[in-house]
Amino acid sequence: MSMAEEACTFVYEPPNGTAKSLLEAAGITENDVWHCPHHTKKGDDLCCFHKPVDQKDDAEVTEEIANRIQAVSVGDDEVLADNTLLFVGAKLGSLALSDYLDEIDIADRRLTFFGSTIGRTNWTDLSITAEKLDFQNTTIDRGARFCNTTFDCEAAFRGTEFNGPTNFQSATFNETVEFIGVRIAGYANFSNVEFSGTRSDFHKAVFEQKANFSKMEGSPNFSEVEFGAGANFSKATLTGIFDSAVFNGKAYFKTATIPHASFEYVSFT
């Protein structure tokens, strides 16, 4: 640490037992909490990732994250520490990595935004190769865009709150993806999505507005999901589990190809 840098004082305490167990499983907590490992500017208590959004240039922060990803991808010795790409509890106005990167290739490393609060994301047209991309327990307030994004990694969105429109149109998930317990308050677009990994799980997800899964392919688990304002699965090719799901609006399966699916205890209101 140079004389111009200080240690960030941010500490993330898991808000519930589930968050605690997830962080323990990731092996990044100590005594049930996470201490930020990043440095601050001289005189600051918090690093650029944890300072309030109105006290920093958010584009500069996103560029810093992009620079770290690029440095890790080329094996820069100065940034190869395990905590380089840990941004637990970050406070970001936006996370528009598509403005800086065409691909994320960090091999067997993890990219973690667990518990963060983000205004909006734009990861359109990105190709992601990693061990894991972690957005668990995050809150994304004003819109999330992952259109045409290829996930060659485990993708974890368990417990994420999407408070705006959410767009994964034409995304490809080649590994396990978890949307367990997510809440999407705005329009949810998963049209043309390909779930080709071993597991794609939306168990107990809540879609408050319309959800579009038209032309999707895969074997997702929609058990106990609540579709609040209609769900469109037209032209989809799927073998899925919808057990105990609730459709509060119209459910469209027109011209869908469904070799096998389970609809036990489904409620069509």
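Numbering of residues begins from 1 in every chain and follows the order in which that chain's sequence is written. Side-chain atom pairs in this predicted model are given and counted only at pLDDT of 80 or more, local residue features only at pLDDT of at least 70, and totals for whole chains, interfaces and linings cover all residues. Calculation of side-chain values draws on the structure's entire complement of heavy atoms; hydrogens and water are dropped beforehand.

## Section: the overall build of the protein chain
Definition in use: Numbering of helices and strands runs from the N terminus; a helix is a DSSP stretch of H or I covering at least four residues, while a strand is a stretch of E covering at least two. The reference for a compact globule is 2.2 Å times residues^0.38; the radius of gyration itself is calculated from the C-alpha atoms. Here the term buried applies to any residue with accessible area under 20% of the maximum for its type, exposed to any over 50%, and partly exposed to those in between, with areas from a 1.4 Å probe on protein chains only.
Helix and strand counts for the protein chain stand at two helices and 31 strands. What you see for the protein chain is a C-alpha radius of gyration of 19 Å, in line with the 18 Å of a compact globule of 269 residues. Based on the C-alpha atoms only, the size of the protein chain along its principal axes is roughly 65 × 35 × 30 Å. The buried share of the protein chain, taken over its 269 residues, is 48%.

## Comments concerning the pattern of salt bridges
So the rule is basically this: Salt bridges, as used here, are contacts in which a Lys or Arg side-chain nitrogen is within 4 Å of a carboxyl oxygen on Asp or Glu.
Tallied over the full model, the rule gives ten salt bridges. Glu-64 is paired through a salt bridge with Arg-68; the nearest N and O atoms lie 3.0 Å apart. Within this pair, Glu-64 and its partner Arg-68 are both found in helix 2 (residues 58-73), separated by four residues, close to a single helical turn. One salt bridge connects Glu-154 with Lys-132, and the closest N-O pair in it is separated by 3.8 Å. With Glu-154 in strand 12 (residues 150-156) and Lys-132 in strand 9 (residues 127-134), the pair connects residues that are 22 residues apart, well separated along the chain. Given a relative accessible area of 30%, Glu-154 falls into the partly exposed group.

## Brief notes about the environment of Val-206
Put simply, the rule reads: Residue contacts are defined here by distance: any two heavy atoms, one from each residue, within 4.5 Å place the two residues in contact.
Mapping Val-206 onto the fold places it in strand 21 (residues 206-207). In this structure Val-206 comes out as partly exposed when scored by relative accessible area, which is 25%. Apart from the residues lying within four places of it in its own chain, the contact partners of Val-206 are Val-182, Arg-183, Ile-184 and Glu-226.

## Description of the layout of surface pockets
Formally: Note on definitions: the grid is 1 Å and covers protein atoms alone; a cavity is a set of points where a 1.4 Å probe fits but cannot get out; a pocket is an open set with protein on both sides within 12 Å along at least five of seven lines; lining residues have an atom within 4 Å of a point. Grid points are joined across faces, edges and corners, and a volume is the space filled by probe spheres set on the points.
By volume, the largest pocket amounts to about 480 Å³. For the largest pocket, the lining is made up of 18 residues, of which His-39, Lys-41, Cys-47, Cys-48 and Glu-64 are closest to its centre. Among the elements that make up the lining of the largest pocket, the one with the highest residue count is helix 2 (four residues).

## Comments concerning helix 1 (residues 17-26)
The cut-off we apply is this: Summarising the geometry, the arc corresponds to the directions from the helix axis toward the C-beta atoms. Nitrogen and oxygen atoms within 3.5 Å of one another constitute a polar contact, given that in protein one can donate a hydrogen and the other can accept it, and given that sequence-neighbouring residues count only through two side-chain atoms.
Within helix 1 the residues assigned to the buried category are Ala-19, Leu-22 and Leu-23. The buried residues of helix 1 occupy one face: seen down the axis, they fall within an arc of 95°. Looking at helix 1, the residues exposed on the side facing more than 90 degrees away from the buried face are Gly-17 and Ala-25. Close packing links the buried residues of helix 1 with strand 2 (11-12). For helix 1, the side-chain oxygen to backbone nitrogen distance between the N-cap and Thr-18 is 3.2 Å, and the N-cap itself is Asn-16. Once helix 1 finishes, Gly-27 follows within two positions and takes phi at roughly 70°, a positive value.

## Considerations on the nonpolar core
For soluble globular proteins, the rule of thumb is that nonpolar side chains tend to be buried together. Cut-off, in case you're wondering: Each nonpolar core is a collection of buried residues, namely Ala, Val, Leu, Ile, Met, Phe, Trp, Tyr and Cys, held together in the definition by side-chain atoms within 4.5 Å.
If you look at the biggest cluster of nonpolar residues, it comprises 73 residues, and the most contacted ones within it are Trp-123, Phe-190, Phe-207 and Phe-233. At the level of elements, helix 1, helix 2, strand 5 (91-95), strand 9 and strand 12 are the ones that each hand at least two residues to this core. Counting residues per element, this core draws most heavily on helix 2, which supplies five residues.

## Observations regarding the side chain of Lys-51
Tracing the sequence through the fold places Lys-51 in the loop between strand 4 (39-41) and helix 2. Polar contacts involving the side chain of Lys-51 include one to the main-chain carbonyl oxygen of Gln-55, which spans 3.5 Å. Setting aside residues no more than four positions away along its own chain, Lys-51 makes contact with Asp-44, Leu-46, Lys-56 and Lys-91.

## What about the packing of aromatic side chains?
Test applied: Whether two aromatic rings pair depends on their centres lying within 6.5 Å, for rings of Phe, Tyr and Trp, where Trp uses its six-membered ring; planes under 30 degrees apart make the pair stacked, over 60 edge-to-face, and the rest tilted.
Applying the stated criterion across every chain, the model contains 48 aromatic pairs. Ring geometry for Phe-146 against Phe-151: centres 6.2 Å apart, planes inclined by 40°, an arrangement best described as tilted. Like Phe-146, the residue Phe-151 is buried in the burial classification.

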